[in-house]
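Here is how the chains run, residue by residue.
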Amino acid sequence: QFVQSLTFHNDKAYIVVNGANKIYVVDAETFKFENTIEGLSLPRFFLPLDDQTALVSQWGADGLTGSVAKIDLNTNTIIQTIPTGAGPDKMLRLPDGLVYVANSGGFGVDSTISVLNPADGIEISRILVGGKNPGSLALYILPGGQVLPYAHCRASFLDSSPKGWVGPLDGTPGFETAPYGDDLVAGPNRQSLFFSAGGSIWKVVYPAAPEKWIDQVAYGLACDPDNGELY
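Conventions adopted
- Residues numbered from 1 in each chain as written.
- Predicted model: local features only at pLDDT ≥ 70, side-chain atom pairs only at ≥ 80, totals over all residues.
- Heavy atoms only, no water.
- Helix = DSSP H or I, 4+ residues; strand = E, 2+ residues; numbered from the N terminus.
- Rg over C-alpha atoms; globule rule 2.2 N^0.38 Å.
- Buried < 20%, exposed > 50% of the residue type's maximum accessible area, 1.4 Å probe, protein only.
- Contact = heavy atoms within 4.5 Å.
- Areas by Shrake-Rupley, 256 points an atom, 1.4 Å probe, with all protein chains shown as cover.
- Lys, Arg positive; Asp, Glu negative; His and termini not counted.
- Charge placed at Lys NZ, Arg CZ, Asp CG, Glu CD.
- Phe/Tyr/Trp six-rings, centres within 6.5 Å; stacked < 30°, edge-to-face > 60°.
- Pairing = 2+ DSSP bridges.
- Core = buried A, V, L, I, M, F, W, Y, C linked by side-chain atoms within 4.5 Å.
- Axes fitted to C-alpha atoms, helices over the stretch in contact; angles between N-to-C directions.

1. Remarks on the overall build of the protein
Scanning the protein from terminus to terminus reveals zero helices and 20 strands. Over its C-alpha trace the protein gives a radius of gyration of 17 Å, about what one expects of a compact globule, namely 17 Å for 231 residues. Principal-axis analysis of the C-alpha atoms places the extent of the protein at approximately 45 × 40 × 35 Å. Burial statistics for the protein: of 231 residues in total, 52% are counted as buried. Looking at the protein alone, contacts between residues at least 24 apart form 36% of all its contacts between residues at least 6 apart. Put simply, the protein shows about 10800 Å² of open surface, and 52% of that area lies on carbon and sulfur atoms. Each charge sign in the protein was given a centre, from 14 positive and 24 negative side chains, and these centres are 4 Å apart.

2. Regarding the packing of aromatic side chains
In this structure the tally under the stated criterion is nine aromatic pairs. With 5.7 Å between their ring centres and 40° between their planes, Y140 and Y150 make a pair best called tilted. A residue pair is termed long-range when its members are at least 10 positions apart, and Y140 in strand β13 (residues 134-141) and Y150 in strand β14 (residues 147-153) qualify at 10 residues. Judged by relative accessible area, Y140 falls into the buried class, the value being 4%. For the pair F194 and W213, a centre-to-centre distance of 4.8 Å together with 50° between the ring planes defines the contact as tilted. Of the two residues, F194 is situated in strand β18 (residues 193-197) and W213 in strand β20 (residues 211-214); the sequence distance between them amounts to 19 residues. On the accessibility criterion, F194 (8% relative accessible area) is buried. By way of ring pairs, the aromatic residues Y140, Y150 and Y206 are connected into one cluster.

3. Things to note about the pairing of strand β3 (residues 22-27)
Where strand β2 (residues 12-17) lies against β3, six bridges are found, and the strand directions are antiparallel. Residue pairing in the sheet places V16 in a bridge with I23 of β3. Adjacent in sequence and paired antiparallel, β2 and β3 are bridged by four residues, among which N21 carries a positive phi angle near 60°. Bridge analysis of β3 against strand β4 (residues 33-37) gives four bridges, and the strand direction is antiparallel. Note that in β4 the partner of Y24 across the bridge is T36. The antiparallel pairing of β3 with β4 creates a hairpin that spans five residues between the two strands, and F31 there sits at a positive phi of about 60°.

4. Overview of the nonpolar core
With 14 residues, the main nonpolar core has Y100, I113, V129, L137, A151 and L169 as its most contacted residues. Elements that contribute at least two residues to this core include exactly β10 (99-103), β11 (112-117), β13 and β14. The contacts of L137, once residues within four sequence positions are left out, are K90, M91, L92, Y100, V101, A102, I113, Y150, A151, L169 and L184.

5. Here we look at the pairing of strand β5 (residues 43-48)
Of all six residues in β5, five are buried; the element is thus mostly enclosed. With four bridges connecting them, β5 and strand β6 (residues 53-58) associate as antiparallel partners. Within β6, the residue paired with P48 across the bridge is A54. Between β5 and β6, which pair antiparallel in sequence order, lie four residues.

6. Brief notes about the sheet that holds strand β1 (residues 3-9)
On the basis of which strands lie adjacent, the open sheet formed by four strands has the order β1-β2-β3-β4 and antiparallel pairing. Edge positions in the sheet fall to β1 and β4, since each has one partner strand and no second. Taken pair by pair, the neighbouring strands of this sheet meet at an average axis angle of 20°, ignoring direction.

7. Some points on the sheet that holds strand β12 (residues 122-128)
Read from one edge of the open sheet, four strands run β9-β10-β11-β12, paired in antiparallel fashion. Looking at which strands have only one partner, the edges of the open sheet turn out to be β9 (88-93) and β12. For this sheet, the mean angle separating the axes of adjacent strands, direction not counted, is 25°. Relative to β10, β9 runs antiparallel, the two sharing four bridges. When the bridges of β10 are listed, L92 appears paired with Y100.

Pasting the structure below:
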């Protein structure tokens, strides 16, 4: 058993324990145990939609048959399962309510982003990206206010010369990066993005190629939405 991710929502924290196929629900301040969400299959990340429901990405028992589970937060039970690509990982909710899911390939390879309508509980499309095994997503806002989702691909361990990739999901070409990076995150104004790869942290400003920002090895990244501090 191991903890995959942690998400705070309202007065609770949701601890996704991948190997145990469950989520522990605890008090956000004291971490006192309150409940569990069971019946999951290699769960990865938790995305609250509102006070009533949330989504959980899960790889499936074989690490390939991916899906997103819709959770009733009042009963802590699964109320729906939405099939996706292989190895769904981090999710991004857009202002219009659609949810983008990075299909990381799981124990294999995938190069798609699933677009879900959580209100209807369906996958409405899959977007093919220019790299392999997308693991994270972030929202960029253009100067005119248009929202533009970006994806970052880690690369495939099965390739002899693996390459990462980052780019917008508007059909324009993206850019190759060092392999095995992760954690694409947005700055507070969402007019810059950051990700880790190749022992450095990189900055992205649309439509330019990524530029090396800091020589710093990072296992994970997060950005404070208020003050812009990068952790």
